[in-house]
Amino acid sequence: MALLDILHFPDPRLRLKAVPVVSVDDSVRDIVSDMFETMYDALGIGLAATQVNIQQQIIVIDVSSEKDEPICLINPQIQTLEGSEEMQEGCLSVPGYFENVTRAERVVIEALDETGTKREIAADELLAVCIQHEMDHLEGKLFVDYLSPLKRQRLKKKLEKNPLSKSSSSNDSHSDAS
Ligand code: GNR
Ligand code: NI
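Residues numbered from 1 in each chain as written. Chains lettered and ligands numbered in written order. Predicted model: local features only at pLDDT ≥ 70, side-chain atom pairs only at ≥ 80, totals over all residues. Heavy atoms only, no water.

**Considering the overall build of the protein chain**
In step 1: Of regular secondary structure, the protein chain possesses three helices and seven strands.
In step 2: Taking the principal axes of the C-alpha coordinates as reference, the protein chain spans close to 45 × 40 × 30 Å.
In step 3: Sorting the 178 residues of the protein chain into buried and exposed places 43% on the buried side.
In step 4: If you take every contact in the protein chain between residues at least 6 apart in sequence, the share linking residues at least 24 apart comes to 65%.
In step 5: Counting only carbon and sulfur atoms, one obtains 50% of the accessible surface of the protein chain, whose full area is about 9500 Å².
In step 6: Computing the positive centroid from 18 side-chain charges and the negative centroid from 31, the protein chain places the two 11 Å apart. (Helix = DSSP H or I, 4+ residues; strand = E, 2+ residues; numbered from the N terminus. Buried < 20%, exposed > 50% of the residue type's maximum accessible area, 1.4 Å probe, protein only. Contact = heavy atoms within 4.5 Å. Areas by Shrake-Rupley, 256 points an atom, 1.4 Å probe, with all protein chains shown as cover. Lys, Arg positive; Asp, Glu negative; His and termini not counted. Charge placed at Lys NZ, Arg CZ, Asp CG, Glu CD.)

**What about helix H3 (residues 149-161)?**
In step 1: For H3, with 13 residues, the first-to-last C-alpha span of 19 Å sits near the 18 Å given by 1.5 Å per residue.
In step 2: Within H3 the residues assigned to the buried category are Leu155, Lys158 and Leu159. The arc enclosing the buried residues of H3, seen along the axis, measures out at 100°, which places them on a common side. For H3, the exposed residues lying more than 90 degrees away from the buried face are Pro149, Leu150, Glu160 and Lys161. (Expected span 1.5 Å × (residues − 1). Arc of directions from axis to C-beta.)

Pasting the structure below:
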């Protein structure tokens, strides 16, 4: 078990596309285990391998309040997207920044679990948002890519003043909500 370093925006490695896992073996399970440890330590509800500089299609999620419902998604594929809903999002790779993003309200995906078994998962609410947010990471996409030009400009200005690599995650969290 080990804590992994989380990459911060605008690190270009966050733009790399993950490749499918070829076989769900012990080396993949070691990555999954380190990713869960890293996600729980960082108080996140999800983590994609891209964020820890591993370019494989691996996601860990736990949206439960008791932090006792771990979900591992390997090689996830969208089956259906339905509806539309706006929710405030944050990201461990853009600490201290929160903005509304509109995504599908319900999602059905197919993915392998950590034993290599194919599973279908139907999700709504926070889990649906989290699955879409994490699958974006595997494609090199970040929630800030959905911002309006004005909000993007504000984020850029804020980062010029206070780059994430030099600031703590609790720094200045909601100060530019205007
Ligand atoms: O911890 C996280 N919280 C969160 C809140 C709203 C929408 C998405 C997320 S995912 C984020 C962890 C993370 O960055 N995963 O990639
Ligand atoms: Ni994220």
